[in-house]
Amino acid sequence: MEQKPTRARILDAAHALMSTRGLARATTKEIARAASCSEAALYKHFVSKEELFVAVLQERLPRLTPLLNELVEQPGERGVVQNLTEIARLACEFYAESFPIAASLYAETALKRRHDASLRETGMGPHVPVEALDAYLRAERDAGRIAADTDTFAAASLLMGACAQRAFAYDAALGKPPPQPVEEFAATLARTLVRGIG
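Before going into details, it helps to say that this report is about the structure given with it. (Residues numbered from 1 in each chain as written. Predicted model: local features only at pLDDT ≥ 70, side-chain atom pairs only at ≥ 80, totals over all residues. Heavy atoms only, no water.)

Quick look at the overall build of the protein now. In terms of regular secondary structure, the protein is built from 10 helices and 0 strands. Beginning at the N terminus, the succession of helices and strands in the protein can be written as α-α-α-α-α-α-α-α-α-α. Each principal axis of the C-alpha atoms in the protein carries an extent, and together these give about 55 × 40 × 35 Å. Excluding contacts between residues fewer than 6 apart, the proportion of contacts in the protein whose partners are at least 24 apart in sequence is 69%. Of the roughly 10500 Å² of accessible surface on the protein, 54% is carried by carbon and sulfur atoms. Looking at the protein, you have 24 positive and 25 negative side-chain charges, and the mean spots of the two groups are 6 Å apart. (Helix = DSSP H or I, 4+ residues; strand = E, 2+ residues; numbered from the N terminus. Contact = heavy atoms within 4.5 Å. Areas by Shrake-Rupley, 256 points an atom, 1.4 Å probe, with all protein chains shown as cover. Lys, Arg positive; Asp, Glu negative; His and termini not counted. Charge placed at Lys NZ, Arg CZ, Asp CG, Glu CD.)

In this section: the pattern of salt bridges. Under the criterion given, the structure shown has 7 salt bridges. Between Arg89 and Glu86 there is a salt bridge, with its nearest N and O atoms 2.6 Å apart. Taken together, the residues Arg89 and Glu86, both in helix α6 (residues 80-102) and 3 residues apart, mark about one turn of the helix. Taking the relative accessible area as the measure of exposure, Glu86 reaches 24% and is therefore partly exposed. Within the structure, one salt-bridge network assembled from shared partners comprises Glu86, Arg89 and Glu93. (Salt bridge = Lys/Arg side-chain N within 4 Å of Asp/Glu carboxyl O. Buried < 20%, exposed > 50% of the residue type's maximum accessible area, 1.4 Å probe, protein only.)

With that settled, consider the environment of Ala143. Relative to the assigned elements, Ala143 resides in the loop between α8 (127-142) and α9 (152-169). Judged by relative accessible area, which is 51%, Ala143 ranks as exposed. A C-alpha to C-alpha distance of 8.1 Å links Ala143 and Pro75, two positions 68 residues apart in sequence.

Below, the structure written as structure tokens:
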């Protein structure tokens with residue numbers, strides 16, 4: 001069987017180690033070993049562990065940003081509830097997978113500062129999905145599909161915040177499963193939000 005390219009192996013290894021050990025405790029040496037490459041090879045593909053973390057978020061976790069960008073370009077293709085349900089489902093999955101990885105950032109101030117600087121340089125960060133959802137909701141408001149007085153940023157913040165809170169409050173490690181499956185939660189959240197802005 002043909003081996004995956006080095007970059008793909010590094011991303012797979014980083015995703016696995018960061019998910020189980022957290023970002024702070026997953027070293028580049030361990031990641032390289034798990035990827036069957038040298039640490040020097042890892043640094044040929046990624047300048048820093050923070051850059052590798054951002055790549056894991058973008059390439060190994062559920063892809064929320066492409067859907068949001070597509071909806072901004074083509075609002076009205078499907079119903080608002082259907083779109084928000086899909087956004088909420090992906091956001092729940094993204095936060096559930098990224099929370100265990102990113103939580104350890106808050107334990108190490110220096111790593112958090114480096115990570116924040118890396119996000120600023122790449123234009124990434126937790127604000128991006130909120131702003132993209134805000135843009136989508138503005139497009140729907142401009143098309144007359146939601147109320148003209150809708151505060152789209154507040155609505156976007158409510159949806160994304162609820163999805164992030166679900167991942168935080170019902171982390172599998174705590175042994176308390178969420179009260180609803182993700183599909184049901186996403187649909188209920190979307191319907192509830194649209195009642196307020198529809």
